[in-house]
Amino acid sequence: MPVATEALLTEVAGRLTADTDELVARQLAALRRHPAYDPVPQDDLRRSCRRNVQRVVATLTDRPALSGIEEDERESGQRRARQGVPADAVVEAYRAVMAVLRDAFVDAASESGADPRAVLAVATRLWDLTDRYSGVLVSARQQVEIDSARRDERRRITFVQRLLGGGIDAAELGTVGAAHGLRTGERYRVVRARDPLDPHRMARHLEHRDARALIAPLDGDVVGLLTTLPEPLADSVIAVAGPVTLAEVGGAFADATRVLTVALRYGRTGVVDSSSLSVRVAVEQERELGEQLHRRYLADLLSGGLGSVALVETVARWLREQRSVQATARALSVHENTVRYRLSRFAETVGANLADTDVLVEVWWALEYAHIRSE
């Protein structure tokens, strides 16, 4: 830049510095045209406007940027976010105040007789400055929003886990629950779900159909409250209990946990509840009874040769086929007489009358328990 031009720009910078108070007032007037800035304290705005003048002066004199300018703008952007000023309003207002300073520079430079090309070059630098710090403001605001979302998520997770664990009293439930969209008079379904592929996929699945779902992670599972019955998710199991009131959520969660455990042991997938698993929930819980019946009807046969194991497998298939010899024979690809022989041989070996309902229930129980016993 020619020495004469540099001297003129230094002179312009001096005039802008001398007019700092007036330029601050003009910027404040421009900001008052943006209602979104009404909540921002006047002292805060005045300080930002003064820093804007200093930045422009530094640009005119080609001095290095003032120390801490970017950090100052970052803090300003964060404050605007906390003050509730929308991002688009922040950018629009920042461009408006910088336009005030640009116009002031152009007027002062023209009055001083500065080379128009130099004026244009500096004006371009001022716009570059505006673009740069507009980006800083937006970035800072986005970080505040991200941090706020993370805090909200942590609070939600903690609340859901405490609620399901029974760690929230009625008074807190009324206030904190309402903040999370829960209604004391409403009934909810409590879920505990496991997705072997990705817990986040399960969370998105549950929230997709139920906009009011309150979901959180827990020990690798996805747990929470739903207002509607969930849809199945491929290769996953969703255990459901309820619907229940908020006061009953803790007990329902314990039920859902038991149902999930049983479903996993039996290799079930889809949406399951205690009714769909029938008395298998009891088989899972009554381990001592299961061991007794296992010893009574199955232990000796299962420890024998293939022929003895075939007897057990035939009885199990016969029960699954609703005690139909024909269906059992088709399922096992054997003759019907082979099925009859194996049933008779099983009854003779273990001393069980399969025509007796009580005995039949005990044999079924022993077989179901054998399915999960190894685990």
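Details of the structure are given in the entry above.
### Considerations on helix 16 (residues 357–373)
(1) Moving on: Its 17 residues place the ends of helix 16 24 Å apart at the C-alpha level, agreeing with the 24 Å of an ideal helix rising 1.5 Å per residue.
(2) Moving on: All of the buried residues along helix 16 are V359, L360, V363, W365, A366, L367, E368, Y369 and I372.
(3) Moving on: One side-chain oxygen at the N-terminal end of helix 16 lies 2.9 Å from the backbone nitrogen of D358; it belongs to D356.

### Regarding the pairing of strand 4 (residues 237–244)
(1) Moving on: Counting buried positions along strand 4 yields six of eight residues, so the element is predominantly enclosed.
(2) Moving on: Looking at chain direction, strand 1 (residues 188–194) and strand 4 are connected through six bridges and run antiparallel. Within strand 4, the position partnered with V190 by the bridge is A241.
(3) Moving on: Across three bridges, strand 4 lies against strand 5 (residues 270–272) in parallel orientation. In the strand pairing of strand 5, I238 is matched with V271.
(4) Moving on: Chirality of the crossover, the property in question, places the unit of strand 4, helix 9 (residues 249–265) and strand 5 among those that are left-handed.

### Thoughts on the layout of surface pockets
(1) Moving on: Estimates place the volume of the largest pocket at around 400 Å³.
(2) Moving on: Only helix 13 (306–320) and helix 16 provide two or more residues apiece to the lining of the largest pocket.
(3) Moving on: Sorting elements by how many residues they give to the lining of the largest pocket places helix 13 first, with six residues.
(4) Moving on: Split into classes, the residues belonging to the lining of the largest pocket amount to nine nonpolar, one polar and five charged.

### Structural notes on the sheet that holds strand 4
(1) Moving on: Strands sit in the order 2-3-1-4-5 across an open sheet of five strands; the sheet is mixed. Edge strands, defined here as strands with exactly one partner in the open sheet, are strand 2 (214–218) and strand 5. Looking at each pair of strands side by side, their axes are set apart by 20 degrees on average, direction ignored.

Rules behind the numbers
- Residues numbered from 1 in each chain as written.
- Predicted model: local features only at pLDDT ≥ 70, side-chain atom pairs only at ≥ 80, totals over all residues.
- Heavy atoms only, no water.
- Helix = DSSP H or I, 4+ residues; strand = E, 2+ residues; numbered from the N terminus.
- Expected span 1.5 Å × (residues − 1).
- Buried < 20%, exposed > 50% of the residue type's maximum accessible area, 1.4 Å probe, protein only.
- Polar contact = N/O pair within 3.5 Å; in protein donor to acceptor, adjacent residues only side chain to side chain.
- Pairing = 2+ DSSP bridges.
- Right-handed = clockwise from strand over helix to strand, strands pointing away.
- 1 Å grid on protein atoms, 1.4 Å probe; cavity = no way out; pocket = protein on both sides within 12 Å on 5 of 7 lines; lining within 4 Å.
- Points joined across faces, edges and corners; volume = space filled by probe spheres on them.
- Nonpolar A, V, L, I, M, F, W, Y, C, P; charged D, E, K, R; others polar.
- Axes fitted to C-alpha atoms, helices over the stretch in contact; angles between N-to-C directions.

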